[in-house]
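Structural overview for review
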Amino acid sequence: MQTSFTPEQLADPHVAESEKILRRCVHCGFCTATCPTYVTLGNELDSPRGRIYLIKDMLENDRPADREVVTHIDRCLSCLACTTTCPSGVDYMHLIDHARVHIEQTYQRPLGDRMIRGLLAAVLPYPARFRAALALARVARPLAPLLRRVKPLAPLAAMLDLAPRRAAKRRPAPASGDHPAAHGRVILLEGCAQPALDPGINAATVRLLTRRGVAIATPKGEGCCGALVHHMGREPQALDFARRNIDAWTREIEAGGLDAILITASGCGTTIKDYGHMLRLDPLYAAKAARVSALARDITEYLSTLDLEPLPKRDLVVAYHSACSLQHGQKITALPKLLLKTAGFTVRDPAEGHLCCGSAGTYNILQPEISATLKRRKVKNLEATKPDVIAAGNIGCLTQIGSGTAIPIVHTVELLDWAYGGPRPSKLGG
Amino acid sequence: MSQPIAFLPPRAAVLSQRARIIADLAALLPDGGLVHEARELVPFETDAYVAYRQLPLAVALPRTTQEVSAVLAYCNRHGIPVVPRGAGTSLCGGAIPQPDAVVLGLSRMSAILDVDLDNRVARVQAGVTNLSISETVGPEGFFYAPDPSSQLACTIGGNIGMNSGGAHCLKYGVTTNNLLGVTMVLMDGTVITLGGAHLDAAGYDLLGLVCGSEGQLGIVTEATVRILAKAEGARPVLFGFATSQEAGACVAEIIGAGIIPVAIEFMDRQAIEICEAFAKAGYPLHVGALLIIEVEGSEAEMEAMLAAIVTIARRHSVMTVRESQSATEAALIWKGRKSAFGATGRIADYICMDGTVPLGKLSHVLQRTEEICTGLGLRVANVFHAGDGNMHPLILFDANDPAEAAKAEDAGNEILKVCVEAGGCLTGEHGVGIEKRDLMRFQFSDADLAQQMAVRYAFDADWLLNPSKVFPLEGRPAA
């Protein structure tokens, strides 16, 4: 597609990158068809092609973001289904990342929106604060219907709806792997929201890996991956999170013998795999960030290198929900299903598997209406496969889908841990 | 060098009333159905023919036939041009608006209304995507046959407007052969029904007239289409040749022998490289040209047809013959082919031609195409429906280089003239739109065009529907 940027504009490396991305787009429109918001709202402005055009217009004209542009960019889930569909290879992810930073730098959001976003950015990435917030939410839940009636407060209602009704049992932090590493040594990202919402996921991961002789390092100083604030366009904060993790992990990497950095929440995985790109302009961190990204693996990617043995078929039907950050962000599609099948489960794919469930980080809080529509659609498709259990690889999806169905939902690794000698996931009952 | 394609001058009376028109239309379309903010109009300034761009006055996104009727009646009363838009995937600028026009987008009318397997028909809203019809009836063993490469995104309403084809139309025919009825809104707001859920209707066959009328006779809001039972099996087979000429001659002999496979698709070396890079379908990279030939039916039927085709291909020195070994591989072969245009975006900007020629002339036209493009210093990739003689040279250029963009347009015009001179036509399936409008006189006599315009006049006397398209601006009847 034709672009018109001046040499002065292109001197900014961020603009230069976006220009390259825009030049790839031929405006064929394929991306509209698999975009959850276009499918839901039927307006090209809420499709990847429409947003690409809005961003192009804004950047070419050196314009601050305005209400209209922000409305349509905000509605993007960053599910990246468009990048799976796009035949031209348009790097939509980095284009919308740039647009979000531009919005954050040039646009003042209405007060209510600013407060909600400030609250999310100050709470979610910090496990202790998030646990406290969840406790508060359990008390405040009766206020949800009231809040929903006041439009600027609707995100608060969405938050209350999503908060689990019961507190997650605190579990001890995963044991540090000091024992000899027979089959490798890895870092397991502890994460921020996931351990508060469901500590059972990493516990299952530790059990499974430990049984397989994999040593797990838990480096000090690690924190949130930065994805939550990154998707809000709060780049300095996101890069600080990234640098902090890179520092913590680089110490482990330099100690030698580290095979992988494992992530059990695919939303985080997509961001960590992008650290190299996020910090490419930082001379102190570019190389270290690239090294971290190269070592980052989704848990299912790593497990598939362990040659887990085939197990006899068991009488349990699993509907596999492919998290967008896995299937579109990291292009991991068949692996998790193959692991489940090898472990003896019957795996079913729901219709419209490419469509987002509406979780998308903080999207279900900031865009509660679209998110709820997508959740209903997703749950309907999953339930149509008549599963005993739903499995997914991302905490956001687990929370979102779990709040819309009575069918138990677990992380893929919890089923694998169970199949290979761990306890039956408590969510399955019995 | 040819002049840029002109649009009709905007109607001053419409532009001066913009604020009032927007207020009135917004009232007809509750629920955020009118886009009118300056920023928000920009993404509607073009379709997949990005060489031309014009901002519209507003964009209407109705949800019902009644809303379409209300908008059209209003625009008719006030002399406001209307440009229909499905998914905006037109390769000839069929959905490019103009400053005094309201874009009427059907993207919020995307429901499948009724599926009647016993009678092999489906009734759908016009904004439904082509592929979603096949996806809906697929689990029951049925499909909708015409399959434009953009079928993932393009709408059935757009398909009707352009009488779209696709790879599988060699056997099953194009849109007009698979369309049974429509609900259409005339420019004055009148809602009419043409055809129905049966093969033929009493009275004039106006359905045939509407199909391919590029949104100039009315706006189709619902369609009843024929769905077909899927064949027992289907298998794409890859045939690699040293040269485009040999591949072209092979196609002519296959069809000449009375063999009609489901599809015969052609790719030259440039196109093979582009598609393989995206789809990783395993296309042979050492050949000069590739035919994807799909056969279908029972195992025995497929074997028999394939054997006959292989015999012919050998006479044309075929280098490789490879059958797809699995459903996954077959899907990849088609994914690569159907993504060819978009995937070309990885290496260059392009414009896509759509001329159709008699099969005996395929080799000649391929050679002339190459000469025209290299003569202008341009690269070309060929990927097209060879069995139908429906050629799609993709002329590659740099859109940020205005001189090269103009050359690409010139090359396209020359190639289409070669197609017409070879006994073919300007467009096989994409439509005329804005792109081929000024070439219409190479194809049609003044009398031919006058008769077509008379029909258009009968439906829309003020020429409000998609007015800048199809017919050259000079020589139109005075309104």
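Residues numbered from 1 in each chain as written. Chains lettered and ligands numbered in written order. Predicted model: local features only at pLDDT ≥ 70, side-chain atom pairs only at ≥ 80, totals over all residues.

**Examining the overall build of chain A**
- Tallying secondary structure elements over chain A gives 26 helices and 8 strands in all.
- Its C-alpha atoms give chain A a radius of gyration of 21 Å, near enough to 22 Å, the size a compact globule of 430 residues would have.
- Reported as C-alpha extents along the three principal axes, the dimensions of chain A are approximately 60 × 50 × 40 Å.
- Evaluated residue by residue, chain A yields a buried proportion of 52% over its 430 residues.
- Pairs at least 24 residues apart make up 73% of the contacts formed inside chain A by residues separated by at least 6 positions. (Helix = DSSP H or I, 4+ residues; strand = E, 2+ residues; numbered from the N terminus. Rg over C-alpha atoms; globule rule 2.2 N^0.38 Å. Buried ≥ 20, exposed ≤ 12 C-beta atoms within 10 Å, placed from the backbone. Contact = placed C-beta atoms within 7 Å.)

**Side note on the overall build of chain B**
- The helix and strand inventory of chain B stands at 17 helices and 18 strands.
- Computed over the C-alpha atoms, the radius of gyration of chain B is 22 Å, within 12% of the 23 Å expected from 2.2 N^0.38 for a compact globule of 479 residues.
- Principal-axis analysis of the C-alpha atoms gives chain B an extent of 70 × 55 × 45 Å.
- Looking at chain B residue by residue over its 479 residues, the buried ones come to 54%.
- Intrachain contacts of chain B at a sequence separation of at least 6 include 73% that bridge at least 24 residues.

**So, unusual backbone geometry**
- Phi angles above zero are rare outside glycine, and L80 of chain A is one such case at about 70°.
- A count of 23 C-beta atoms within 10 Å places L80 of chain A in the buried class.
- One non-glycine residue, V470 of chain B, lies in positive phi territory at about 70°.
- You can see V470 of chain B is positioned in the segment after α17 (446-459).
- Look at V470 of chain B and you get buried, because 23 C-beta atoms sit within 10 Å.

**As for the interface of chain A and chain B**
- Contacts between the two partners involve 27 residues from chain A, matched on the other side by 31 residues from chain B.
- Broken down by secondary-structure element, the contributors of at least two residues to the side of chain A that touches chain B are α3 (30-33), α5 (48-60) and α6 (67-74) of chain A.
- Top element by residues in the side of chain A that touches chain B is α5 of chain A. It accounts for 4 residues.
- Counted by class, the side of chain A that touches chain B contains 12 nonpolar, 10 polar and 5 charged residues. (Nonpolar A, V, L, I, M, F, W, Y, C, P; charged D, E, K, R; others polar.)

**Some remarks on the nonpolar core**
- By size, the foremost hydrophobic cluster in this structure holds 273 residues, and its most contacted members are V102, C275 and L291 of chain B.
- Of the residues forming this core, the biggest block, 7 residues, is contributed by helix α12 (residues 154-162) of chain A.
- Among residues more than four places away in sequence, those in contact with V102 of chain B are L25, P56, L57, A58, A60, C75, I80 and V82 of chain B. (Core = buried A, V, L, I, M, F, W, Y, C linked by C-beta atoms within 7 Å.)

**A closer look at the domain arrangement of chain A**
All names here are of chain A.
- The domains assigned to chain A are domain 1 (7-106), domain 2 (111-162), domain 3 (185-303) and domain 4 (317-428).
- Taken together, the contact pairs 26 residues of domain 3 with 26 residues of domain 4.
- Elements supplying a minimum of two residues to the side of domain 3 that touches domain 4: α13 (193-197), α14 (200-211), α15 (227-230), α17 (266-272) and α20 (299-303).
- Examining the composition of the side of domain 3 that touches domain 4, we find that 7 residues originate from one element, α14, more than from any other.
- A breakdown of the residues in the side of domain 3 that touches domain 4 according to their chemical character gives 10 nonpolar, 10 polar and 6 charged. (Domains from an automatic or database assignment.)

**Things to note about helix α9 (residues 111-123) of chain A**
All names here are of chain A.
- Compared with an ideal rise of 1.5 Å per residue, which puts 13 residues at 18 Å, α9 spans 18 Å between its outermost C-alpha atoms and is within 8% of the ideal.
- Along α9, the positions that sit buried rather than exposed are I116, R117, L120 and V123. When α9 is viewed along its axis, its buried side chains cluster within an angular range of 145° and face the same direction. Seen from the open side of α9, the exposed residues pointing more than 90 degrees away from its buried face are L111 and R114.
- In the core, the buried residues of α9 are packed alongside α10 (127-140), α12, α15 and α23 (363-366). (Expected span 1.5 Å × (residues − 1). Arc of directions from axis to C-beta.)

**Section: helix α9 (residues 244-256) of chain B**
Residue and element names in this part refer to chain B.
- The terminal C-alpha atoms of α9, which comprises 13 residues, lie 18 Å apart, in line with the 18 Å expected from a rise of 1.5 Å per residue.
- For α9, the complete set of buried residues consists of S244, E246, A247, G248, A249, C250, V251, A252 and I254.
- Lining the buried residues of α9 we find β12 (234-241), β13 (263-268), β14 (289-296), α11 (299-315), α14 (362-375) and β17 (379-385).
- A positive phi of about 80° marks G258, the residue just after α9.

**Structural notes on the packing of α9 of chain B against α11 of chain B**
All names here are of chain B.
- In contact at an axis separation of 9 Å, α9 and α11 are set at 140° when each is read in the N-to-C sense. Accordingly, the angle class assigned to the pair α9 and α11 is oblique. Viewed along their axes, α9 and α11 form a crossing whose handedness is right-handed. Contacts between α9 and α11 involve C250, E253 and I254 from the former and I309, I312 and A313 from the latter.
- Broken down by class, the residue content of the contact of α9 with α11 amounts to 5 nonpolar, no polar and 1 charged. (Axes fitted to C-alpha atoms, helices over the stretch in contact; angles between N-to-C directions. Parallel < 35°, antiparallel > 145°, perpendicular 65-115°, else oblique. Left-handed = near helix turned anticlockwise from the far one by under 90°.)

**Structural notes on the domain arrangement of chain B**
Residues and elements named next belong to chain B.
- As far as domains go, chain B holds domain 1 (112-229), domain 2 (234-337) and domain 3 (348-421).
- Placing a centre on the C-alpha atoms of domain 2 and another on those of domain 3 gives a separation of 22 Å.
- Between domain 2 and domain 3, the contact holds 17 residues from the first and 13 residues from the second.
- Residue assignment for the side of domain 2 that touches domain 3 shows that the elements contributing at least two residues are α9, β13 and α10 (269-279).
- Here the side of domain 2 that touches domain 3 takes 7 residues from α9, the largest share from any one element.
- Classifying every residue of the side of domain 2 that touches domain 3 gives 11 nonpolar, 4 polar and 2 charged.

**Some details on the sheet that holds strand β16 (residues 349-352) of chain B**
All names here are of chain B.
- Reading across from one edge, β15-β12-β14-β13-β17-β18-β16 is the order of the 7 strands in this open sheet, with antiparallel pairing throughout. The open sheet terminates on both sides in strands that have one partner only, identified here as β15 (320-323) and β16. Neighbour-to-neighbour, the strand axes of this sheet turn through a mean angle of 20°, independent of strand direction.
- Examined bridge by bridge, β13 and β14 share 6 bridges and lie antiparallel to one another. Bridged to E265 within β14 is I292. (Pairing = 2+ DSSP bridges.)

**Let's talk about the sheet that holds strand β6 (residues 346-348) of chain A**
Residue and element names in this part refer to chain A.
- Read from one edge to the other, the open sheet built from 4 strands follows the order β6-β5-β7-β8, with strand pairing classed as parallel. Two strands lie at the open edges of the sheet, namely β6 and β8 (409-411), each paired on one side alone. Strand after strand, the sheet turns through a mean of 35° between neighbouring axes, direction not considered.
- The sheet contacts of helix α26 (residues 412-419) involve β5 (317-320), β7 (389-392) and β8, and relative to β8 the element is tilted by about 80°.

**Digging into the confidence of the model for chain B**
- Summarising the model, chain B shows a mean pLDDT of 95, and 100% of its residues fall at 70 or more.
- The ipTM assigned to the predicted complex is 0.95, against a pTM of 0.95. (pLDDT = per-residue confidence, 0-100.)

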